[in-house]
Amino acid sequence: MSPTHSPDSFDSSAADERRATIERDAALVRRVRDGDTAAFDEIVKAYMRPVFQVAYRVVGHREDAEDLVQDCFLAAFQYLDSYDVDRPFGPWITRIVLNRGANLRRSRARRATEPETDAVSPAPSALDETTRAEARAKLEEVMATLNERQRMIVTMFDVDGMTSTEIGERLELAPGTVRWHLHEARRVLRAALARFIEDEP
Amino acid sequence: MTDLHLHRGASAPTDEPRRDPRLGGLLRDLMGPIPMREVNWDALAGRVSAAIRARQTPWWGYVDRWQRRAIPLALAAGLLSATLLVHSWLTHPEALITAPDMVSAVVAGAPAEDAATFFSHSVTSAAAYRVDFLE
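Residues numbered from 1 in each chain as written. Chains lettered and ligands numbered in written order. Predicted model: local features only at pLDDT ≥ 70, side-chain atom pairs only at ≥ 80, totals over all residues.

Secondary structure assignment for chain B yields six helices and zero strands. Order of helices (α) and strands (β) in chain B, N terminus to C terminus: α-α-α-α-α-α. Burial status across chain B gives 7% buried among its 135 residues. (Helix = DSSP H or I, 4+ residues; strand = E, 2+ residues; numbered from the N terminus. Buried ≥ 20, exposed ≤ 12 C-beta atoms within 10 Å, placed from the backbone.)

Looking only at helices and strands, chain A has nine helices and zero strands in total. Listing each helix as α and each strand as β along chain A from the N terminus yields α-α-α-α-α-α-α-α-α. Residues counted as buried form 32% of the 201 residues belonging to chain A. Sequence separation of 24 or more characterises 69% of the internal contacts of chain A that already satisfy a separation of 6 or more. (Contact = placed C-beta atoms within 7 Å.)

This next bit is on unusual backbone geometry. Residue and element names in this part refer to chain A. A positive phi angle is found at Glu172, which is not glycine, with a value near 55 degrees. Residue placement: Glu172 occurs in the loop between helix 8 (164-171) and helix 9 (175-199). You can call Glu172 partly exposed: it has 13 C-beta atoms within 10 Å.

Residues and elements named next belong to chain A. Locating Pro50 in the fold gives a position in helix 2 (residues 38-59). What makes Pro50 partly exposed here is the crowd of 14 C-beta atoms within 10 Å. Residues Pro50 and Thr94, spaced 44 residues apart in sequence, show a C-alpha to C-alpha distance of 8.6 Å.

With that out of the way, let us pick up helix 3 (residues 62-78) of chain A. In a regular helix each residue adds 1.5 Å, so 17 residues correspond to 24 Å; helix 3 of chain A covers 24 Å between its end C-alpha atoms and thus fits that length. Along helix 3 of chain A, the residues that are buried comprise A:Arg62, A:Asp64, A:Ala65, A:Glu66, A:Leu68, A:Val69, A:Gln70, A:Cys72, A:Phe73 and A:Ala76. (Expected span 1.5 Å × (residues − 1).)

On to the nonpolar core, then. Residues and elements named next belong to chain A. Formed by 52 residues in total, the largest nonpolar core has its most connected members in Val51, Ala55, Val69, Cys72 and Val97. The biggest single contributor to this core is helix 2, with twelve residues. Sequence-distant contacts of Val97, defined by excluding residues within four places in its chain, comprise Val51, Val54, Ala55, Val58, Leu68 and Cys72. (Core = buried A, V, L, I, M, F, W, Y, C linked by C-beta atoms within 7 Å.)

Residue and element names in this part refer to chain B. Summing up the model confidence of chain B, the mean pLDDT is 73 and the portion of residues at 70 or higher is 55%. Per-element averaging of pLDDT across chain B places helix 1 (residues 3-11) at the bottom with 36 and helix 3 (residues 41-55) at the top with 92. With pLDDT under 50 throughout, residues 1-13 is counted as low confidence; its partners more than four residues away or in other chains account for eight contacts. With pTM at 0.64, the complex prediction returns an ipTM value of 0.77. (pLDDT = per-residue confidence, 0-100.)

All names here are of chain A. Residue position: Pro175 is located in helix 9. Residue classification places Pro175 among the partly exposed positions, given that 16 C-beta atoms sit within 10 Å. For the pair Pro175 and Thr163, spaced twelve residues apart in sequence, the C-alpha to C-alpha distance is 9.1 Å. Those residues in contact with Pro175 that lie beyond four places of it in its chain are Ser164, Thr165 and Gly168.

Further remarks concern the environment of A:Thr155. The topology assignment puts A:Thr155 in helix 7 (residues 148-159). On the basis of neighbour counts, which here come to 24 C-beta atoms within 10 Å, the residue A:Thr155 falls in the buried class. With 98 residues separating them along the chain, A:Thr155 and A:Arg57 place their C-alpha atoms 7.4 Å apart. Not counting residues within four places of it along the chain, the set of residues in contact with A:Thr155 comprises A:Arg57, A:Asp160 and B:Met31.

Residue and element names in this part refer to chain A. Where helix 2 meets helix 4 (residues 89-107), the axes come as close as 9 Å, and the angle between the chain directions of the two elements is 35 degrees. The two elements helix 2 and helix 4 cross, and the hand of that crossing is right-handed. Only Phe89, Gly90, Ile93, Thr94, Val97, Leu98, Gly101, Ala102, Leu104 and Arg105 of helix 4 make contact with helix 2, whose side of the interface consists of Ile43, Tyr47, Pro50, Val51, Val54, Ala55, Val58 and Val59. (Axes fitted to C-alpha atoms, helices over the stretch in contact; angles between N-to-C directions. Left-handed = near helix turned anticlockwise from the far one by under 90°.)

To continue, consider helix 2 (residues 21-31) of chain B. Burial in helix 2 of chain B covers these residues: B:Leu23, B:Leu26, B:Leu27, B:Asp29, B:Leu30 and B:Met31. Trailing helix 2 of chain B by a residue or two, B:Gly32 shows a phi angle of about 75 degrees, which is positive.

Structure follows, in structure tokens:
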């Protein structure tokens, strides 16, 4: 086995990468605080995609997600003085997305439940349209009973295929905490969606 | 790294939760994928950047913001000043000639005493005129 492929070296390499990212972001944030607005453009470019992913999962609509991305970067810029440069920037802005997204979703609840017309087509469904609409309504209802963190964790894990470690890094949570929230969210979802899950072949 | 570490790493039970294909499949079906390809990333970055620059207010931004109110206010103030000035000239016509005549006397080389006398005379006349006017 090559030393470069051992689990320890992967951990070490990931830790180095995280450290480098924190240092890069800290340098950019310091430049912004010194009045160099262009440095914030670099931050936007670096985090735009992951922020959009979270925003889309929160509001469920592409245009709303884009608006939310813009709103969150503006908020981040405005409150940049409160950001601790020794911590990763990603989880900080993700928290902003979750907080602001929850408000946006509540205010646009009706639009968010409508299916995305310009999104990439989902895989062919085993459910007929009526059952699918029912299942979507039920999902919306039960998702509303979960807290923002549980909703995001179960979506990232079961829909987007992320690992608990990746989710933990994204949300700055311990993997154990992620797994606990995932367990709770799945328990609620399984109970509420049992009929639709059993209907699937 | 030792073999012991490798052995432990390879055989340790993972804490990663198992995938649930039925629940995951249903959720994916209902939520759909994230439309990453549908987003114009350059345009979005441009929007964010423009919004941030618009949020910052340079000094000319304040001028720009206040010009709609400031211009009518300045015009009104100018009009009021002109009206008061005209009114002042109409009610005290002698005031118009006081200052220029005194200046011309001084410039023409009149002795300082004469200029002072002329000035006091002008002031006295204006005062007398005013008393007459009021009476």
